[in-house]
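A structural walkthrough
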Amino acid sequence: TVTQDRYYKTDKDFEDALTGIYVPLRARYNNFYIFGDLRADDSWQEIAKADVQTYSDQFTINSNEGQLSAAWTDYYQSIFRVNKLLTEIEFLDETAVPNKNRYKAEARFLRALCYFDLVRIFGPVPAFTTVLSTAEAYKTPRTPIDDVYNIIIEDLKASESLPSSYTKDDVGRPTQGAAKALLGRVYLTKGDFISAENKLFEVTKMDYALLDDFESLFDPANKHHKEY
């Protein structure tokens with residue numbers, strides 16, 4: 001256990017803090033289909049029963065549903081940790097934190113991802129990029145959707161400075177290609193098709209390509225292939 005006044009000093013401190021941003025997101029993508037795929041009829045609840053899947057599919061989900069509160073809590077935990085990391089790292093130079101720019105870019109990518117999910121589930125949500133006290137958070141109203149998207153877009157533009165690839169234990173971290181692809185998806189969601197086309201075209205010029213054999217996508221021996 002370490003107190004905050006003794007933390008956020010070294011490169012390793014910020015690396016660990018960055019890892020902590022991911023922790024609340026571990027469960028989010030087990031259940032995200034409930035808010036998206038079910039309602040879009042990309043999937044369906046085969047047996048009708050009184051559960052969150054059915055209520056979401058029928059657009060009758062209650063505001064006190066556990067899946068909603070869990071999503072809200074998890075995303076905002078990650079957002080708080082992003083804001084805390086960005087606040088603390090700003091006071092240090094690269095002699096103290098050699099990976100400062102990468103940590104900032106990765107944190108902003110994760111904040112953009114959180115707000116993108118939140119705005120698609122809830123619509124207008126409180127959006128902030130600084131560390132708030134509990135009292136301040138309670139007084140923060142919902143932010144208009146367009147303003148939330150502005151934060152998302154600016155964060156993803158900043159994230160385009162991420163490395164183009166990683167090796168060994170770092171494989172799976174967001175890359176420059178991931179930032180561009182997610183930004184293109186954000187533009188698509190907003191209906192800004194020109195910006196989406198331009199950004200996604202950039203991705204096609206990077207080191208990605210479709211595999212010749214569709215079944216190769218699922219080969220465990222080749223899980224980090226060129227289409228990954």
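Whatever comes next refers back to the structure up there.
Residues numbered from 1 in each chain as written. Predicted model: local features only at pLDDT ≥ 70, side-chain atom pairs only at ≥ 80, totals over all residues. Heavy atoms only, no water.

1. Some details on the overall build of the chain
Each helix and strand in the chain was counted, giving 10 helices and 0 strands. Sequence-ordered secondary structure for the chain, helices as α and strands as β, is α-α-α-α-α-α-α-α-α-α. The C-alpha radius of gyration computed for the chain amounts to 19 Å, which stays within 12% of the reference 17 Å derived for 228 residues, consistent with globular compactness. Each principal axis of the C-alpha atoms in the chain carries an extent, and together these give about 55 × 55 × 40 Å. Here the chain holds 228 residues, and the buried ones make up 40% of them. Put simply, of all contacts in the chain between residues at least 6 apart along the chain, 59% involve residues at least 24 apart. When the accessible surface of the chain is totalled, it reaches about 13,500 Å², and 52% of it is carbon and sulfur. One finds the centroid of the 27 positive side-chain charges in the chain at a distance of 5 Å from the centroid of its 36 negative side-chain charges. (Helix = DSSP H or I, 4+ residues; strand = E, 2+ residues; numbered from the N terminus. Rg over C-alpha atoms; globule rule 2.2 N^0.38 Å. Buried < 20%, exposed > 50% of the residue type's maximum accessible area, 1.4 Å probe, protein only. Contact = heavy atoms within 4.5 Å. Areas by Shrake-Rupley, 256 points an atom, 1.4 Å probe, with all protein chains shown as cover. Lys, Arg positive; Asp, Glu negative; His and termini not counted. Charge placed at Lys NZ, Arg CZ, Asp CG, Glu CD.)

2. Some details on the nonpolar core
Core analysis: the largest hydrophobic core is formed by 54 residues, its most contacted members being Tyr 75, Leu 85, Tyr 115, Ile 152 and Leu 156. Of all the secondary structure elements, the ones that give two or more residues to this core are helix H1 (11-22), helix H5 (66-89), helix H6 (100-122), helix H8 (145-159) and helix H9 (176-190). When residues in this core are grouped by element, the largest group, 13 residues, is from H6. The residues contacting Leu 85, other than those within four sequence positions of it, are Tyr 8, Phe 14, Ala 17, Leu 18, Ile 21, Tyr 103 and Ala 107. (Core = buried A, V, L, I, M, F, W, Y, C linked by side-chain atoms within 4.5 Å.)

3. A look at the packing of H8 against H9
Running from N to C, H8 and H9 cross one another at 160°; their axes reach a closest spacing of 9 Å. The angle between H8 and H9 places the two elements in the roughly antiparallel class. Where H8 crosses over H9, the two elements pack in a sense that is left-handed. Facing Asp 146, Tyr 149, Ile 152, Ile 153, Leu 156, Lys 157 and Ser 159 of H8, the residues of H9 in contact are Ala 179, Leu 182, Leu 183, Val 186, Tyr 187, Thr 189 and Lys 190. A class-by-class count of the residues in the contact of H8 with H9 yields 9 nonpolar, 2 polar and 3 charged. (Axes fitted to C-alpha atoms, helices over the stretch in contact; angles between N-to-C directions. Parallel < 35°, antiparallel > 145°, perpendicular 65-115°, else oblique. Left-handed = near helix turned anticlockwise from the far one by under 90°. Nonpolar A, V, L, I, M, F, W, Y, C, P; charged D, E, K, R; others polar.)

4. Observations regarding the packing of H9 against helix H10 (residues 193-204)
Packing of H9 against H10 leaves a shortest axis separation of 8 Å and a crossing angle of 160°. The orientation of H9 with respect to H10, classified from their angle, is roughly antiparallel. The way H9 lies across H10 gives a crossing that is left-handed. Note on element contacts: H10 touches H9 through Phe 193, Ser 195, Ala 196, Lys 199, Leu 200, Glu 202 and Val 203, opposite Gly 177, Lys 180, Ala 181, Leu 183, Gly 184, Tyr 187 and Leu 188. Across the contact of H9 with H10, the residue classes break down as 8 nonpolar, 3 polar and 3 charged.

Functional significance is not addressed by these values, which are geometric in nature.
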